[in-house]
Amino acid sequence: MRCPALVALFAHSVLTQVVTFVLRPAASYRALELEVPASWLGALSASFALVPLVLALPAGHVVDRVGERRVLLVGSVLMTGAGAVFVLLGDSPAGLLAGSVLLGTAHLCAVVGQQALVANAAAPGGRLDSAFGYYTFAASLGQLLGPLLIPLLGGGGSIPDTGPVFLGACAVSVLLVGCVLPLPGRGAGHGRAAAEAGGLGALLRLPGLVRALTTSCVVIAGVDITLVYLPALGADRDLSAGLVSALLALRAAASMVSRLLLGRLSAALGRRRLLVGSIALAALGLAACAAPVPPWALVVAVVVAGLGLGVGQPLTMSWLAESAPPGARGRAMSLRLTGNRAGQVVIPAAVGAVAAGLGAAGVLGVTAAALAWTGFLARKLAVDGP
C-alpha cells in the first residue's frame, strides 16, 4: 500500500475512534442528565453492539466480495448520520438508543473494512503483529483525542453541556468520507479468491478459535465498560468531567504505548506470554479503580489497565489474519468482531444489573474478575504461530 493510502487509512482509523469516543461518553452524560437509572447505562452500552452483532458476519463477506473501500464509505456516511441523530433526537432515552445503534453499525462497517485492508496489505510481508500494532495505535490515538473534546466543547462540570459535544462530533464525522477517497479499490480477482477461500465453517475449524474469540470479546468489553462506567464512577465520587475525560485519555494513551511496541514485545516474549500478562495487568488496574482510592491512585490504576487492555485486540487480529486463507480475511475479521459484539451486548447488560446494587465501582470490580478468568483460560491458547 502506498504512503497516501496508508495516511488515509490511519486517519480514517483515528477519526472513527474520535467520533465514537466522543459520542458514547457524551451519550452517558446525557442519560445521567435525563436522570435514567444507573442500570439503564448497561442497556445503552449494549445498544451500540446489538444490531452490529447481527450484521458483522455479512459485512465481512461483503468486504471480501466487493472490497474494503466501498464498505468504509458506507460506514463513514452512517457515522455522520449517527451524529445527526444524537443532535436531533438525543433529548430522550429512545433517541439515545437509536443514535447508539446507528453509531455501532457505522463503527462496524468502518473497523471491519480497516482491519481487512491491514490484513490483506500486511500478510505478504509477514509483519502482522507490527502492522496491527500500528493500526490499533492509530485507533488508540483517536480514543485519546475523543474524550478530550468533551470538556473542550461541553465545559468542565461534573455533567458537561452535551449539546455542543454532539454537534462537534457530527462535524468531525464528515471528514471520514474524504479519508476514503485515496484508498485502493479491488479488482475482479479478489472476488474469485473470496469464493475459493471456503465458507465460515473453514474458519470455525481453526484450532484455538473459541479461546481467541473469548479473549478478544472480554478484553473489548473491558474497554467498553471503562468508557461507559468511568463517567458514572466520576459522578459517584464527585469528580469533574475534566478529570474523568483525562482518565479516559490516559487509558487510551497507555494502550497506545503497548500497541506501538507490540511487534518488539511479541518477538521478545511470544504472543501467548504477552497476551496472558497483559490481561492480568488489565484485571489488576480495573480492580484498583473499583477500590476507594484517591484521585492520584485512580490515575495510576487507569494507566495500568490501559497498558493491559491495549494488547489483546491487535494480537488476536494478527493471529486470525495469519491463520485465515487469502480471500477470507474480511470474514475472519468480522468473525472476531461478532464475538466482540456478543461480548458487548451480554457483558455490559449483565454488569448493568450489578450496577443497580453495587454502583459503578462494583461493575469495574466484576469486570476485573472476568478479565482474570479470561487470562487463566488464555494460558492454553496457541497463538505463537509457526
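Bear in mind the structure is a predicted one, so any value in this text is a computation, not a measurement.

### Focus: the overall build of the chain
Secondary structure assignment for the chain yields 15 helices and zero strands. When contacts within the chain are restricted to residue pairs at least 6 apart in sequence, those whose partners lie at least 24 apart make up 86%. For the chain, the accessible surface area stands at approximately 14000 Å², while carbon and sulfur atoms represent 70% of it.

### Description of a nonpolar patch on the surface
Taken together, the side chains of Y134, V257, L260, L261, L281, L284 and L307 make up a nonpolar region of the molecular surface, amounting to roughly 580 Å² of accessible area. Within the residue set of the nonpolar patch, elements represented by two or more residues are α11 (241–260) and α13 (271–290). Checked against the element boundaries, L307 lands in helix α14 (residues 295–323).

### Notes on the nonpolar core
One recurring pattern in soluble globular proteins: nonpolar side chains tend to sit buried together. Residues L96, Y229, L364 and L371 are the most contacted members of the largest nonpolar core, which totals 68 residues. Counting 33 residues, the second largest nonpolar core, distinct from the first, contains L72, V118, W319 and L337.

### Brief notes about the side chain of Q114
Mapped onto the secondary structure, Q114 falls in helix α4 (residues 93–122). Among the polar contacts listed, one links the side chain of Q114 to the side chain of T16, at a separation of 3.3 Å. Setting aside anything within four residues of it in sequence, one finds Q114 in contact with L9, H12, S13, T16, L72 and Y135.

### Some words on the packing of aromatic side chains
Evaluated as defined, the whole model comprises two aromatic pairs. Ring geometry for F86 versus F166: centroids 5.2 Å apart, planes at 25°, classification stacked. In this pair, F86 sits in helix α3 (residues 68–89) while F166 sits in helix α6 (residues 162–173), placing the two residues 80 residues apart along the sequence. Assessed through its relative accessible area of 1%, F166 is described here as buried. Taken together, a centroid distance of 6.5 Å and an interplanar angle of 85° make the contact between F132 and Y135 edge-to-face. You can see F132 and its partner Y135 sitting in helix α5 (residues 128–154), three residues apart, about one turn around the helix. Pair check on accessibility: F132 and Y135 agree, each one buried. Geometry around F48 places R24 over its ring, the cationic atom sitting 3.9 Å from the centre.

### Here we look at the confidence of the model for the chain
Any region with low pLDDT has predicted coordinates that should not be read closely. The share of residues in the chain with pLDDT of 70 or more is 87%, and the mean pLDDT across the chain is 81. Highest mean pLDDT in the chain belongs to α3 (91); lowest belongs to helix α8 (residues 188–196) (47). In the model, residues 192–197 has pLDDT below 50 throughout and makes 12 contacts with residues more than four positions away in sequence or in other chains.

### Concerning unusual backbone geometry
Located in the positive-phi region is D238, a residue other than glycine, with phi close to 60°. Structurally, the position occupied by D238 is in the loop between α10 (209–236) and α11.

### A closer look at the environment of P151
Along the polypeptide, P151 turns up in helix α5. Once the C-alpha coordinates of P151 and S245 are considered, the two residues, 94 residues apart in sequence, prove to be 7.3 Å apart.

### Looking at the environment of V18
Inspection of the secondary structure puts V18 in helix α1 (residues 3–33). Along the backbone, V18 and G142 are 124 residues apart, and their C-alpha atoms lie at a distance of 4.4 Å.

### What about the pattern of salt bridges?
The tally for this structure, following the rule as stated, stands at two salt bridges. Between E33 and R30 there is a salt bridge whose closest N-O contact spans 3.7 Å. Taken as a pair, E33 and R30 lie in helix α1 at a separation of three residues, close to a single helical turn. Taking the relative accessible area as the measure of exposure, E33 reaches 46% and is therefore partly exposed. Across the salt bridge formed by R30 and D91, the nearest N and O atoms sit 2.9 Å from each other.

### Section: the packing of α5 against α14
Where α5 contacts α14, the two axes come as close as 9 Å, and the packing angle between them is 135°. By the criterion of interaxial angle, the relationship of α5 to α14 is oblique. As for the relative orientation of α5 and α14, their crossing is right-handed in sense. Residue-level contacts link L128, D129, F132, G133, Y135 and T136 of α5 to P314, L315, M317, S318, A321 and E322 of α14. For the contact of α5 with α14, the class distribution of residues is seven nonpolar, three polar and two charged.

About the cut-offs
Residue positions are counted from 1 within each chain, in the order its sequence is given. Given that this is a predicted model, residues contribute local features only at a pLDDT of at least 70 and side-chain atom pairs are listed and counted only at 80 or more, while totals for whole chains, interfaces and linings are drawn from all residues. Heavy atoms throughout the structure, all of them, feed into the side-chain values; hydrogens and water do not. Secondary structure elements are taken from DSSP: a helix is a run of H or I of four residues or more, a strand is a run of E of two residues or more, and numbering for both begins at the N terminus. The contact definition used throughout considers only heavy atoms, calling two residues in contact when any of these lie within 4.5 Å. Here the accessible surface of atoms and residues is derived via Shrake-Rupley with a 1.4 Å probe, and residues count as covered only by protein chains that are part of the display. Patches draw on residues past 30% relative accessible area with no salt bridge. Two like charges within 9 Å are joined, as are two nonpolar side chains (Val, Leu, Ile, Met, Phe, Trp, Tyr) within 5 Å. One speaks of a salt bridge when a side-chain nitrogen belonging to Lys or Arg is within 4 Å of a carboxyl oxygen belonging to Asp or Glu. Grouping buried Ala, Val, Leu, Ile, Met, Phe, Trp, Tyr and Cys residues that are joined through side-chain atoms within 4.5 Å yields what is termed a nonpolar core. Exposure is judged per residue with a 1.4 Å probe applied to protein chains only, and the accessible area is read against the type maximum: over 50% gives exposed, under 20% gives buried, and values in between give partly exposed. Within 3.5 Å is the distance limit for a polar contact, defined as a pair of N or O atoms, with the added protein rule that one can donate a hydrogen and the other accept it, and that residues adjacent in sequence qualify only through two side-chain atoms. Within 6.5 Å between ring centres, the rings of Phe, Tyr and Trp (the latter by its six-membered ring) count as paired, and their orientation is classed by plane angle as stacked under 30 degrees, edge-to-face over 60, tilted in between. Only lysine NZ and arginine CZ atoms are considered, and such an atom sits over a ring when it is within 6 Å of the ring centre and within 35 degrees of the ring normal. pLDDT expresses, on a scale from 0 to 100, how confident the predictor is about each individual residue. Axis angles are defined between N-to-C directions and span 0 to 180 degrees, where every axis is a line fitted to C-alpha atoms and, for a helix, only to the segment in contact. With respect to orientation, any angle under 35 degrees is reported as roughly parallel, any angle over 145 as roughly antiparallel, any angle of 65 to 115 as roughly perpendicular, and every other angle as oblique. Should the near helix be turned anticlockwise from the far one by less than a right angle, the crossing is left-handed, and should it be turned clockwise, the crossing is right-handed. Under the grouping applied here, Gly and all other residues not named as nonpolar or charged are polar, the nonpolar ones being Ala, Val, Leu, Ile, Met, Phe, Trp, Tyr, Cys and Pro and the charged ones Asp, Glu, Lys and Arg.

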